[in-house]
Amino acid sequence: MQHCCDVMSFFIDSDDLYIEYCPIDRSYAIPYKKSLGSIQRLEYCPWCSKKLPKELRDELFDILESEYGLDITFLELKEKAPKEFHSDEWWVKRGL
């Protein structure tokens with residue numbers, strides 16, 4: 001996956017600083033240390049200042065509901081959604 005800059009790519013692949021990238025909904029975040037499961041979403045790269053791609057969480061659940069009749073949570077994706085929704089496949093194939 002090509003990210004906005006080499007520094008962002010380095011830290012996503014590194015254990016030094018935890019920057020989370022979720023290919024399922026194309027989101028970038030920094031998790032909070034003291035609040036399990038809580039994150040701070042990133043809209044801009046902290047290093048190069050480029051605007052990051054639009055997160056696709058709303059589109060994900062709209063498609064799951066309209067095309068498959070599924071009203072599920074993010075945690076239920078891997079057990080209840082079709083396999084294409086377990087990765088970036090669904091949004092790449094739809095040109096989002």
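Look up a bit, the structure's there.
Residues numbered from 1 in each chain as written. Predicted model: local features only at pLDDT ≥ 70, side-chain atom pairs only at ≥ 80, totals over all residues. Heavy atoms only, no water.

Participant: Is there a simple way to think about the packing of aromatic side chains in this case?
Facilitator: Any aromatic ring pair is given by two values, namely how distant the centres are and how the planes are angled relative to each other. In the structure shown here, the tally under the stated rule is six aromatic pairs. When the centroid spacing of 5.0 Å and the interplanar angle of 80° are considered together, the rings of F10 and F11 count as edge-to-face. Relative to F85, the ring of Y68 lies with its centre 5.6 Å away and its plane at 85°, an arrangement referred to as edge-to-face. On the criterion of sequence distance, the pair formed by Y68 in helix α2 (residues 57-68) and F85 in the loop between α3 (77-80) and α4 (89-93) is long-range, its members being 17 residues apart. Three or more aromatic residues joined by ring pairs form one cluster here, namely F10, F11 and W47. Its end group placed over the ring of W91, R26 keeps NZ or CZ at 4.7 Å from the ring centre. The lysine or arginine in question, R57, covers the ring of F74, its NZ or CZ lying 4.2 Å from the ring centre. (Phe/Tyr/Trp six-rings, centres within 6.5 Å; stacked < 30°, edge-to-face > 60°. Helix = DSSP H or I, 4+ residues; strand = E, 2+ residues; numbered from the N terminus. Lys NZ or Arg CZ within 6 Å of the ring centre and 35° of its normal.)

None of the figures reported here should be taken as evidence of function without further support.
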